Amino acid sequence: MSWIKIGFFLSVLFLLAAACSTSPKIKNTDGQKVRLTMLAWGNPAEVKVYQRALDAFEKENPYIEVKLVPVPGDQYEQKLLTQLQESRGPDVFYAYEPTIARLIGAKQVQPLGEFLNSDASDVKAEDFPEGLWGPAKRDGEIYGVTPDSNPMVMYYNKKVFKEAGVKTPQEYYDEGKWNWDAFEEVTSKLKAAGKQGYIAENWWAHWYSWVWSNGGQIFDEQGKYVLDHNEKGKEAFSFMYDMVKKGNAVYLGSLPKGQGADAMFMSNQVGMLAAGRWLEPLFSQNKSLDFDYIYWPSNTGKNEPVAIPVAYVAVNKNSPHVQEAMKLAAFYVSVKGQEARLVEGGNAMGTLAAADESIKKKATIEHSSYLTEGCNIGHAHGSALAYDAQVPGLNSDITETIDRMFLGKQDAAATIEKLNQIISKAVK
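Residues numbered from 1 in each chain as written. Predicted model: local features only at pLDDT ≥ 70, side-chain atom pairs only at ≥ 80, totals over all residues. Heavy atoms only, no water.

- Per an unreviewed UniProt entry, the protein carries the name Multiple sugar transport system substrate-binding protein and comes from Paenibacillus peoriae.
- According to its UniProt record, the protein has this under Subcellular location (unreviewed entry): "Cell envelope".
- We quote the UniProt Sequence similarities (unreviewed entry) comment for the protein here in full: "Belongs to the bacterial solute-binding protein 1 family." (UniProt positions renumbered as here; feature names shortened; annotations may be inferred.)

As for the overall build of the protein
Then comes step 1: Secondary structure assignment for the protein yields 18 helices and 13 strands.
Then comes step 2: Relative to its length of 428 residues, the protein is compact, with a C-alpha radius of gyration of 24 Å against a globular reference of 22 Å.
Then comes step 3: Across its three principal axes, the protein shows a C-alpha extent of roughly 100 × 50 × 40 Å.
Then comes step 4: Across the 428 residues in the protein, those meeting the buried criterion constitute 54%.
Then comes step 5: Considering only residue pairs separated by 6 or more positions, the protein has 74% of its internal contacts joining residues 24 or more positions apart.
Then comes step 6: Accessible surface, the protein as shown: approximately 19,200 Å² in total, 51% of it carbon and sulfur.
Then comes step 7: Computed over 45 positive and 52 negative side-chain charges, the separation of the two mean positions in the protein equals 4 Å. (Helix = DSSP H or I, 4+ residues; strand = E, 2+ residues; numbered from the N terminus. Rg over C-alpha atoms; globule rule 2.2 N^0.38 Å. Buried < 20%, exposed > 50% of the residue type's maximum accessible area, 1.4 Å probe, protein only. Contact = heavy atoms within 4.5 Å. Areas by Shrake-Rupley, 256 points an atom, 1.4 Å probe, with all protein chains shown as cover. Lys, Arg positive; Asp, Glu negative; His and termini not counted. Charge placed at Lys NZ, Arg CZ, Asp CG, Glu CD.)

Looking at unusual backbone geometry
Then comes step 1: You will see that aspartate 139, though not glycine, has its phi angle at about 55°, which is positive.
Then comes step 2: Relative to the helices and strands, aspartate 139 is located in the loop between strand E4 (137–138) and strand E5 (141–142).
Then comes step 3: We classify aspartate 139 as exposed; its relative accessible area is 79%.
Then comes step 4: A positive phi angle, near 60°, is found at asparagine 268, a position not held by glycine.
Then comes step 5: Within the secondary structure, asparagine 268 sits in the loop between helix H11 (261–266) and strand E9 (270–275).
Then comes step 6: Note on asparagine 268: relative accessible area 18%, which makes it buried.

Digging into the packing of aromatic side chains
Then comes step 1: Applying the stated rule across the entire model yields 35 aromatic pairs.
Then comes step 2: Centre to centre, the rings of tryptophan 41 and tyrosine 96 are 4.0 Å apart; their planes meet at 5°, and the pair counts as stacked. Of this pair, tryptophan 41 sits in strand E1 (residues 34–41) while tyrosine 96 sits in the loop between strand E3 (92–95) and helix H4 (97–105), and the two are 55 residues apart along the sequence.
Then comes step 3: Assessed through its relative accessible area of 26%, tyrosine 96 is described here as partly exposed.
Then comes step 4: Aromatic ring contacts, followed pair by pair, group Tyr172, Trp178, Trp180, Phe183, Tyr198, Trp210, Phe239 and Trp296 into a single cluster.
Then comes step 5: Geometry around tyrosine 172 places lysine 167 over its ring, the cationic atom sitting 4.3 Å from the centre.
Then comes step 6: Across from the ring centre of tyrosine 332, 4.3 Å away, lies the NZ or CZ of arginine 341, which sits over that ring. (Phe/Tyr/Trp six-rings, centres within 6.5 Å; stacked < 30°, edge-to-face > 60°. Lys NZ or Arg CZ within 6 Å of the ring centre and 35° of its normal.)

Topic: the sheet that holds strand E2 (residues 64–71)
Then comes step 1: With mixed pairing, the four strands of this open sheet are ordered in space as E2-E1-E3-E12. With partners counted over all chains shown, the strands left at the sheet margins are E2 and strand E12 (312–315), one partner each. Strand-to-strand twist of the sheet, defined as the mean angle between neighbouring strand axes without regard to direction, takes the value 25°.
Then comes step 2: Against the sheet, H4 makes contact with E3 and E12, and its axis sits at roughly 125° relative to E3, the strand it touches most.
Then comes step 3: Its contacts with the sheet put helix H13 (residues 322–333) on E1, E2, E3 and E12, and the angle it makes with E12 is roughly 165°. (Pairing = 2+ DSSP bridges. Axes fitted to C-alpha atoms, helices over the stretch in contact; angles between N-to-C directions.)

Brief notes about H13
In an α-helix, one full turn covers 3.6 residues, which means residues spaced three or four apart are oriented alike.
Then comes step 1: Between its first and last C-alpha, H13 extends 17 Å over twelve residues, near the 16 Å set by a 1.5 Å rise per residue.
Then comes step 2: The buried fraction of H13 amounts to eleven of the twelve residues, a majority that puts the element mostly inside the structure.
Then comes step 3: Inspection of H13 places Val322, Glu324, Ala325, Met326, Lys327, Leu328, Ala329, Ala330, Phe331, Tyr332 and Val333 among the buried residues, and these make up the whole buried set. (Expected span 1.5 Å × (residues − 1).)

With respect to the confidence of the model for the protein
Then comes step 1: When pLDDT is averaged across the protein, the result is 90; 93% of the residues are at 70 or more.
Then comes step 2: Note that residues 1–25 has pLDDT below 50 and, in this model, seven contacts with residues that lie over four places away or in other chains. (pLDDT = per-residue confidence, 0-100.)

Okay, structure coming up:
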């Protein structure tokens with residue numbers, strides 16, 4: 001009888017321990033599949049990249065089915081915000097840097113810290129570089145995780161350069177002369193040959209990359225606004241303005257609706273454009289397109305930091321399947337998820353060392369090393385040097401102001417003065 005009592009006592013202890021466990025219970029036991037939706041932006045080639053990771057996840061978790069819902073980039077944020085206000089938004093979604101800050105403030109995203117530290121997660125928070133958390137980490141809690149990183153480089157169309165008889169950016173770089181003067185010279189010659197030299201775009205990764213390439217700052221290492229007295233930063237705004245005004249660059253926002261930078265590049269209308277690796281899958285599918293990367297032109301005699309666009313994978317706090325959604329998010333950003341998406345014809349670089357090593361071994365573009373260097377020395381939006389993403393709404397106000405400059409409605413000096421007013425008020 002004593003052994004029976006001991007056995008019963010141990011059984012009770014085991015059941016109590018299981019009941020008190022904080023490990024998320026995610027395994028389906030009723031035979032019904034859990035169906036999740038994931039919202040993401042991207043061109044058709046990128047969507048195929050995302051799907052590879054979802055296929056790998058479903059293979060490991062056969063009781064969960066994931067539907068990928070792609071949305072064009074220019075419509076994405078509005079659709080995401082609208083859906084999250086409804087009773088059933090996406091379970092898992094991509095979010096831009098300023099967007100994640102806004103959603104955290106609105107308490108619409110699920111905290112992930114506890115889950116990432118549990119045995120149910122395929123990755124741990126400490127596996128990621130601290131500098132990439134940006135606005136997704138607040139007051140010690142994690143609300144989104146970077147699935148990859150996309151340091152800015154310039155793509156150049158070798159055919160356009162060759163037909164125009166213009167020396168390539170790589171040739172200037174090899175001579176130690178890939179600076180703003182060389183950029184202006186190249187774009188002038190391409191323009192004279194009847195081509196567009198460069199597509200100027202109006203978003204944070206472009207402004208900061210130009211400013212840093214001149215040794216300038218908009219915000220300093222402590223996140224303090226300094227453009228009002230930073231002469232190198234002011235010079236960068238003048239240069240951006242002059243390139244569009246002179247016609248060396250064409251402003252994407254001034255082109256007819258539907259005319260995209262990637263289409264112009266592939267149709268040999270333009271010599272250069274700037275982006276991360278996300279255009280590589282699309283460009284690589286075009287067998288007649290001959291292109292390469294070049295690092296951002298620098299005025300300091302060395303490669304300066306570039307902007308590193310990152311996205312955050314986040315979980316809808318109101319999802320009816322929060323535990324399964326967190327399981328999906330963790331897998332998607334893990335080494336397994338990154339390798340599934342990025343090794344073969346990927347659209348970004350990794351954020352985990354093991355995944356990045358696998359990506360570099362399979363690189364097919366001649367100078368992919370510029371992406372690696374950008375990862376090593378660049379900065380994400382929401383870091384101290386690109387602090388505006390930490391302040392909800394500020395990035396939109398800055399974008400609107402710079403748009404007026406690119407459209408020729410105000411010069412660089414007036415733009416800087418307006419930025420002084422907007423940013424100084426926002427970051428008090």
